[in-house]
Amino acid sequence: MTAWTILSSTESPPGPGSGGEANLVLPDLGSVSVMGGVSGRLLLGLGLVVCLLGLGFGMLAFVQLRRLPVHRSMLEVSELIYSTCKAYLAKQGRFLMMLWAFIAAVIVVYYRFLIDFPWGRVAIVIAFSLLGMAGSYAVAWFGIRVNTFANSRTAFAALRGGPLPVHRIPLKSGMSIGMVLISLELLMMLVILVFLPREIAGACFIGFAIGESLGAAALRIAGGIFTKIADIGSDLMKIAFKIKEDDARNPGVIADCTGDNAGDSVGPSADGFETYGVTGVALVTFVLLGVHDPAVQATLLVWMFVMRAVMIIASAVSYLVNDAWVRRQYRNATRMNFETPLTSLVWVTSGVCIAATYATTYLILGSGPTAGHWWVFATIVACGTLAGAVIPELVKAFTSTGSRHVREVVMSSREGGPSLNILSGLVAGNFSAYWLGVTIVGLMGGAYLLSGIGLSTLMLAPAVFAFGLLAFGFLGMGPVTIAVDSYGPVTDNAQSVYELSMIEEIDGIEESLATDHAFLPQWDRAKTMLEENDGAGNTFKATAKPVLIGTAVVGATTMIFSIIMGLTDGLTTGLQNLSLLHPPFLLGLVMGGAVIFWFTGASIQAVTTGAYRAVEFIRTTIRLDGVTKASEADSRRVVEICTQYAQQGMLTMFLGVFFATLAFAFVEPYFFIGYLISIAIFGLYQAFFMANAGGAWDNAKKIVEIDLHAKGTALHEATIIGDTVGDPFKDTSSVALNPVIKFTTLFGLLAVQLSVQLADDGRHTLVTWLAALFFVASLVFVYRSFYGMRIQATLSDGELPAEPTDDGDETPDAAPATTGAQRLVETTTGGDR
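Each value, and the rule that gives it
- Residues numbered from 1 in each chain as written.
- Predicted model: local features only at pLDDT ≥ 70, side-chain atom pairs only at ≥ 80, totals over all residues.
- Heavy atoms only, no water.
- Helix = DSSP H or I, 4+ residues; strand = E, 2+ residues; numbered from the N terminus.
- Expected span 1.5 Å × (residues − 1).
- Buried < 20%, exposed > 50% of the residue type's maximum accessible area, 1.4 Å probe, protein only.
- Phe/Tyr/Trp six-rings, centres within 6.5 Å; stacked < 30°, edge-to-face > 60°.
- Patch = residues over 30% accessible without salt bridge, like charges linked within 9 Å, V, L, I, M, F, W, Y side chains within 5 Å.
- Areas by Shrake-Rupley, 256 points an atom, 1.4 Å probe, with all protein chains shown as cover.
- Salt bridge = Lys/Arg side-chain N within 4 Å of Asp/Glu carboxyl O.
- 1 Å grid on protein atoms, 1.4 Å probe; cavity = no way out; pocket = protein on both sides within 12 Å on 5 of 7 lines; lining within 4 Å.
- Points joined across faces, edges and corners; volume = space filled by probe spheres on them.
- Nonpolar A, V, L, I, M, F, W, Y, C, P; charged D, E, K, R; others polar.
- Contact = heavy atoms within 4.5 Å.
- Axes fitted to C-alpha atoms, helices over the stretch in contact; angles between N-to-C directions.
- Parallel < 35°, antiparallel > 145°, perpendicular 65-115°, else oblique.

S.K.: Looking at this structure, I do not really get helix α12 (residues 478-501). What am I missing?
M.R.: Turn by turn, an α-helix covers 3.6 residues, leaving residues three or four places apart pointing in a common direction. Between its first and last C-alpha atoms α12 spans 34 Å; for 24 residues at 1.5 Å apiece the expected length is 34 Å, and the two agree. Where burial is concerned, most of α12 is hidden: 24 out of the 24 residues are buried. Immediately downstream of α12, the backbone of Met502 shows phi near 50 degrees, a positive value.

Structural data, given as structure tokens:
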């Protein structure tokens, strides 16, 4: 018997044997009969219909957005943004294929040559890994297309002076993305369940999950680096040259807008797609490994996937109901708090989903061997769904423009400048990590207590399944969670599109709008609404991040359990190794924290170096007199700089994580278990802290700009500097931890199986040498993540770049700026070019 042979009894769950999860066999889902004789396979078939309807809902919203009125000047800007996004995604696509080829080679070596799978089964794993990655990539592409339709339409709608369309257009865009994303992911998984042979389902699922994780990791990490390079480069120009927000003469603004999509739309779309897929695969794996009775296995699988289809319907209904209320409430309003309808949508959806959870669970699990436990399953899922509404409220306490923490950041900045601004933001982040941590512990504790009410008669380790169901509940209101997250990139872009279009300066524009669109523009009102809506977008971008990272960590618990099941022969041997008394396990716990802190530092370093180069280029090419707009060539060059450093940083960090995963899996299996637990815990708190500190700094700047009308003041400069610190915190490092945790756990399944297989074959020396080799390889990339990415300049490098002159020519002996902020920018942009 190998370490991966699970309980040989015929009543035990089917074991993967050599090859792990790829050998799992699904039970006969057609044997499930619920609701008076309805077949489980028929219910899953109806789920496929729901997915198609969900895709139709999303595409209908897409078409409606495209048909909305927009002025040509704004349309030109949004299409330029889209063209730069396309160029970025095309490069990322080629980059992804290179990474996929690398992963595919590992899959072939492991499954074909070490595990001796037939070529057909190996091809299935590879094909579904490609399908999973393609799904992440496709929803990312769809997201930028929808958002770049919506940004110009939102900007144009603001000219009418009413807040209602300024809210509805970004939310419709977000719902379009959310419905397509969730429906497409569920459709792919249902196809595996319904149409493919049961014997190959395990291979399909593990390949699909690996592909999703690869796509999400690459797009999330690279997108986060890209967007913050552009954002910081654009923001620093406001201080250096005393220019306005989104000044059309600044060639960094288009890159900033591209980054809003690359980082805040592409990244979350791919990340969300992967999160739903990996959580589903983790739960399927648990059911097949931890549940004894094949009939109960089949019933639980049908229940979970029918629930997901029902949640799509619940989210669509909630959106339509909330939209009807918002239209009635604000039809004639001249002012509105843009956070209010978003908050109501989240709570309405949570309530509808919880009601649907109990009803659906009763109908499917209310008879047979699960009859006495249906309410336990429903309550655990409902706790997760409720948390999907409660957690955003907690996040708003630290990031909303109305929160005491954010206002404390502003008050600190008034007298203490950037120093106290940054310190107050750190306080907000630390406090948020505490309260969100207490909340997660409370939820998991509640799930644990509920799992003790009889679930042990149905499965092994019921608490672990309860944790997975909690993550499942987090994702219950998925389309709405994605929608409020996607709201932010549109509102941010809309403000930029308005400024870049320079519509106010077009000759005869008021007469043209009156003639062609039957309204007179309200310029000041439009700009105020767009800024206020951007603040709401910032807040709700922040609320989605803890939900996704919390899901990753709670869901990773379920996936780690499947590794433990294999190592312990179904929890029958070796349990003493899962203890602090087993030194490798303890050392793994310590090592995980080291990797998390390296990764966050490396991602910020990539942003720092890229921003240095972007600022350097912008500063030497910007023309403030004699031109009205930056040239398209200069704008595209900034995009190229951002793309270059995003890809370079992402590749270095990805390979560091990849080889570290292999190394630690080969060191010792229980060392690796400790490592996986550690990166999940450290990653959870690091992500909470960084995301919410960044959100506090971001909206502190909004308060100064909107409420205090203090643009261009020293207070404004202090909050801008705080915001540039928070940018990589919230949109690079914190959000990248989610796919890193999931990719490490998923790829670790293969890695630890490989090491155990080699050890069982008597190749202990080879395993030891491979562990050392992989660790050295990871150290090389850890080293390069700083020393290969650092700013290549010295403090004594030559003359500072010259300032732009009135005629647009550079004057070598131009006088240096006199303000401290500008001297700071000049100092940091000097160096070799």
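S.K.: Before we go on, may I ask you to explain unusual backbone geometry in this structure?
M.R.: Residues apart from glycine generally show negative phi values, whereas peptide bonds are mostly found in trans. Even without being glycine, Ala461 reaches a positive phi, approximately 45 degrees. Note on placement: Ala461 falls in the loop between α10 (404-451) and α11 (462-474). A relative accessible area of 22% means that Ala461 is categorised as partly exposed.

S.K.: Hey, could you run me through the packing of aromatic side chains in this one?
M.R.: The geometry of an aromatic ring pair is captured by two quantities: the separation of the ring centres and the angle between the planes. Overall, the coordinates contain 36 aromatic pairs when judged by the stated rule. Ring geometry for Tyr88 versus Phe226: centroids 4.9 Å apart, planes at 55 degrees, classification tilted. Of this pair, Tyr88 sits in helix α2 (residues 72-114) while Phe226 sits in helix α5 (residues 201-241); the two residues are 138 residues apart in sequence, bridging distant segments of the chain. For the residue pair Tyr88 and Phe226, the accessibility class agrees, reading buried in each case. Ring centres of Phe654 and Phe743 lie 5.2 Å apart, and the angle between their planes is 45 degrees; on these two criteria the pair is classed as tilted. Of this pair, Phe654 sits in helix α16 (residues 632-667) while Phe743 sits in helix α18 (residues 714-760), and the two are 89 residues apart along the sequence. A relative accessible area of 2% means that Phe654 is categorised as buried. Residue class for Phe743 comes out buried when judged on its relative accessible area of 2%.

S.K.: Sorry if this is basic, but what is going on with a nonpolar patch on the surface here?
M.R.: A cluster of nonpolar side chains, contributed by Val427, Phe431, Tyr434, Trp435 and Val438, occupies part of the molecular surface with about 500 Å² of accessible area. Within the fold, Val438 resides in helix α10. Given a relative accessible area of 41%, Val438 falls into the partly exposed group.

S.K.: Even after reading the chapter, I still don't get empty space enclosed by the protein, so can you show me in this structure?
M.R.: Left-over empty space is what a probe sized like a water molecule reveals as it rolls over the atoms. In total, this model carries ten cavities of 30 Å³ or more according to the counting rule given. In this structure, the largest cavity spans a volume of roughly 200 Å³. Around the largest cavity sit 27 residues that line it, and Asp231, Glu245, Asp256, Asp492 and Lys701 are the ones nearest its centre. Going through the elements one at a time, α5, α6 (252-290), α12, α14 (523-567), α17 (669-707) and α18 are the ones with two or more residues in the lining of the largest cavity. Ranked by the residues each element gives to the lining of the largest cavity, the list is headed by α5, at five residues. Here the residues of the lining of the largest cavity are counted per class, giving one nonpolar, five polar and 21 charged. The space that makes up the second largest cavity amounts to roughly 120 Å³. The wall of the second largest cavity is formed by Ile182, Tyr276, Thr279, Gly280, Arg308, Met311, Ile312, Phe472, Leu475, Gly476, Gly478 and Pro479.

S.K.: Could you clarify how one ought to interpret the layout of surface pockets in this entry?
M.R.: In this model, the second largest pocket occupies a volume close to 390 Å³. Partitioned by chemical class, the residues of the lining of the second largest pocket number 16 nonpolar, two polar and no charged.

S.K.: Before we go on, may I ask you to explain the environment of Cys51 in this structure?
M.R.: Among the structural elements, Cys51 can be located in helix α1 (residues 40-67). On the basis of relative accessible area, Cys51 is assigned to the buried category, the value being 0%. Each C-alpha atom of the pair Cys51 and Gly202 lies 22 Å from the other, and the pair is 151 residues apart in sequence. Ignoring any residue separated from it by four or fewer positions in sequence, one finds Cys51 in contact with Ser183, Leu186, Leu187 and Leu190.

S.K.: Before we go on, may I ask you to explain the packing of α6 against α12 in this structure?
M.R.: Packed helix pairs are specified by the crossing angle of their axes together with the interaxial distance, meaning the distance between the axes. One way to put it is that α6 packs onto α12 with a least axis distance of 10 Å and a crossing angle of 175 degrees. Here α12 runs roughly antiparallel to α6, going by the angle between their axes. Mapping the contact onto sequence places Val253, Ile254, Cys257, Asp260, Asn261, Asp264, Ser265, Pro268, Gly272 and Tyr276 in α6 and Gly478, Ile482, Asp485, Pro489, Asp492, Asn493, Ser496 and Leu500 in α12. Looking at the contact of α6 with α12 residue by residue, the classes come out as eight nonpolar, six polar and four charged.

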